Every structure is written in structure tokens, then in C-alpha cells.
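One-letter residues, chain by chain:
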Amino acid sequence: MANNLFISYDLHAPDKNYEAVIKTIKQLGSWAKVHYSLWYVKSGYSASQACDSVWRSMDSNDRLIVMDASNNNAAWQNLPKDVSDFLKDQWRK
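Right, let's walk through the structure included here. None of these values were measured; they are calculated from a predicted model. (Residues numbered from 1 in each chain as written. Predicted model: local features only at pLDDT ≥ 70, side-chain atom pairs only at ≥ 80, totals over all residues. Heavy atoms only, no water.)

Focus on the overall build of the chain
In step 1: When its secondary structure is counted, the chain shows 3 helices and 5 strands.
In step 2: Counting from the amino terminus, the chain carries its helices and strands in the arrangement β-α-β-β-α-β-β-α.
In step 3: Against the 2.2 N^0.38 benchmark of 12 Å for 93 residues, the chain shows a C-alpha radius of gyration of 13 Å, consistent with a compact globule.
In step 4: Referenced to the eigenvectors of the C-alpha coordinate spread, the extents of the chain come out at roughly 40 × 35 × 20 Å.
In step 5: Carbon and sulfur atoms provide 50% of the accessible area of the chain, an area that totals close to 5600 Å².
In step 6: Seen as two clouds, the 11 positive and the 10 negative side-chain charges of the chain have centres 5 Å apart. (Helix = DSSP H or I, 4+ residues; strand = E, 2+ residues; numbered from the N terminus. Rg over C-alpha atoms; globule rule 2.2 N^0.38 Å. Areas by Shrake-Rupley, 256 points an atom, 1.4 Å probe, with all protein chains shown as cover. Lys, Arg positive; Asp, Glu negative; His and termini not counted. Charge placed at Lys NZ, Arg CZ, Asp CG, Glu CD.)

What follows is the structure, given as C-alpha cells:
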């Protein structure tokens, strides 16, 4: 079964590599670019798997979140601690 994933990112590195990030997102499944850095992907990947895959094409100071609208899951990398803590606390309430 394919999942409805929403992927959002901020690239902060001096040499932002949008091409690598976009290429990786497009390889996850059928996609649509919703906004500048928000993508919808119909994918067999889970939020965690997609997050890991996209994160490998990003730099350590970038930010990434993948939300699975099919299974009410999310995975992220490098969000501010207060945001990460808030999401962990509120997501399943």
C-alpha cells in the first residue's frame, strides 16, 4: 500500500544543493510540488524511510520533516528542539 507523504525542508548551507534534494524526493514515488519546499509524494516508503533517504542528500544544518497523512506518522531531522519536543508531545493527542 502506498502512503501519502508530505515533505518539507529548509536548506541553510552556503552551497544549497536543491537539485540533489529534489532528485531524491522525486525518486520516492509519484510526486507533486505543492509549494517551493513542500512536496506531496505517493510512496511505498514510510515517513521514517523517506526522511532517512532525503536527509542523506542534505547538510547537517538543514531542516526536514516528512509527514505521512495515510498513517498519521511523521519523521524529522534537525528541527529546533522546542519544535521537536512539541511535535512529540502533541502528535498523538
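Some remarks on the pattern of salt bridges
In step 1: This structure, assessed with the given rule, holds 2 salt bridges.
In step 2: Between Asp85 and Lys81 there is a salt bridge, and its shortest N-O distance comes to 2.6 Å. Highlighted residues: Asp85 and Lys81, both in helix α3 (residues 81–90), separated by 4 residues, approximately one helical turn.
In step 3: For Asp85, a relative accessible area of 34% translates into the label partly exposed.
In step 4: Where Asp89 meets Lys93, a salt bridge forms, and the shortest distance between an N and an O atom there is 3.4 Å. (Salt bridge = Lys/Arg side-chain N within 4 Å of Asp/Glu carboxyl O. Buried < 20%, exposed > 50% of the residue type's maximum accessible area, 1.4 Å probe, protein only.)

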